Amino acid sequence: MNKIKTLKFLGLLGCMFAGGLLKAQDRKAPAYPLITHNTYFSIWSNTDKLNESSTEHWTGAEHSLLGLIDVDGGFTVF
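What you see is a predicted model; the values in this text were computed from it and never measured.

Enquirer: Mind showing me how you'd approach the overall build of the protein chain here?
Expert: Along the protein chain, the regular secondary structure elements total 1 helix and 5 strands. Reading the protein chain from its N end, one meets helices and strands in the order α-β-β-β-β-β. Put simply, the protein chain has 78 residues, and 10% of those count as buried. Sequence separation of 24 or more characterises 3% of the internal contacts of the protein chain that already satisfy a separation of 6 or more.

If you want it as structure tokens, here you go:
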């Protein structure tokens, strides 16, 4: 009788574990670190695409990034 309860418990535990693995694929990170200098200075993107919102400090203050590209002697700012 005790063996049957143990097998049921292990079967239930296995189902919960398998369900957790399937859900793990649906998860999305709340933010992605772009620049990390130290604990108090880091810049994060809160979206999957960089142009959807401005980048932010971990406190929530906006810290926009500015880029510069040199293509054949002409500079482009983005």
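Enquirer: How should I be thinking about the pairing of strand 1 (residues 32–38) in this particular structure?
Expert: Remark: a regular strand shows side chains that alternate across the two faces of the sheet. Summarising the sheet, strand 1 and strand 2 (residues 41–45) pair through 5 bridges and their orientation is antiparallel. Residue pairing across strands places P33 opposite W44, the latter belonging to strand 2. Counted between consecutive antiparallel strands, the loop separating strand 1 from strand 2 contains 2 residues.

Enquirer: Honestly, the side chain of T55 in this entry has me stumped. Any pointers?
Expert: By the secondary structure assignment, T55 is in the loop between strand 2 and strand 3 (56–57). A distance of 2.4 Å separates a polar side-chain atom of T55 from the backbone oxygen of H63. Contact partners of T55, with chain neighbours within four places excluded, come to L34, I43, W44, E62, H63, S64 and L65.

Enquirer: Any chance you could explain the sheet that holds strand 2 here in plain terms?
Expert: Hydrogen bonds between backbone atoms are what pair the strands of a sheet, whose relative direction is either parallel or antiparallel. The antiparallel open sheet is built from 3 strands, whose spatial order is 1-2-3. A single partner strand is all that each edge strand has here, and the edge strands are strand 1 and strand 3.

Enquirer: Looking at this structure, how should I read a nonpolar patch on the surface?
Expert: A cluster of nonpolar side chains, namely L34, I35, F41, L50 and L65, defines an oily patch on the protein surface of about 420 Å² accessible area. Position of I35 relative to the elements: it lies in strand 1.

Enquirer: How should I be thinking about the side chain of H57 in this particular structure?
Expert: Mapped onto the elements of the fold, H57 is located in strand 3. The contact partners of H57, leaving out residues within four places of it in the chain, are Y40, F41, S42, W44 and H63.

Definitions and cut-offs
- Residues numbered from 1 in each chain as written.
- Predicted model: local features only at pLDDT ≥ 70, side-chain atom pairs only at ≥ 80, totals over all residues.
- Heavy atoms only, no water.
- Helix = DSSP H or I, 4+ residues; strand = E, 2+ residues; numbered from the N terminus.
- Buried < 20%, exposed > 50% of the residue type's maximum accessible area, 1.4 Å probe, protein only.
- Contact = heavy atoms within 4.5 Å.
- Pairing = 2+ DSSP bridges.
- Polar contact = N/O pair within 3.5 Å; in protein donor to acceptor, adjacent residues only side chain to side chain.
- Patch = residues over 30% accessible without salt bridge, like charges linked within 9 Å, V, L, I, M, F, W, Y side chains within 5 Å.
- Areas by Shrake-Rupley, 256 points an atom, 1.4 Å probe, with all protein chains shown as cover.
- Salt bridge = Lys/Arg side-chain N within 4 Å of Asp/Glu carboxyl O.

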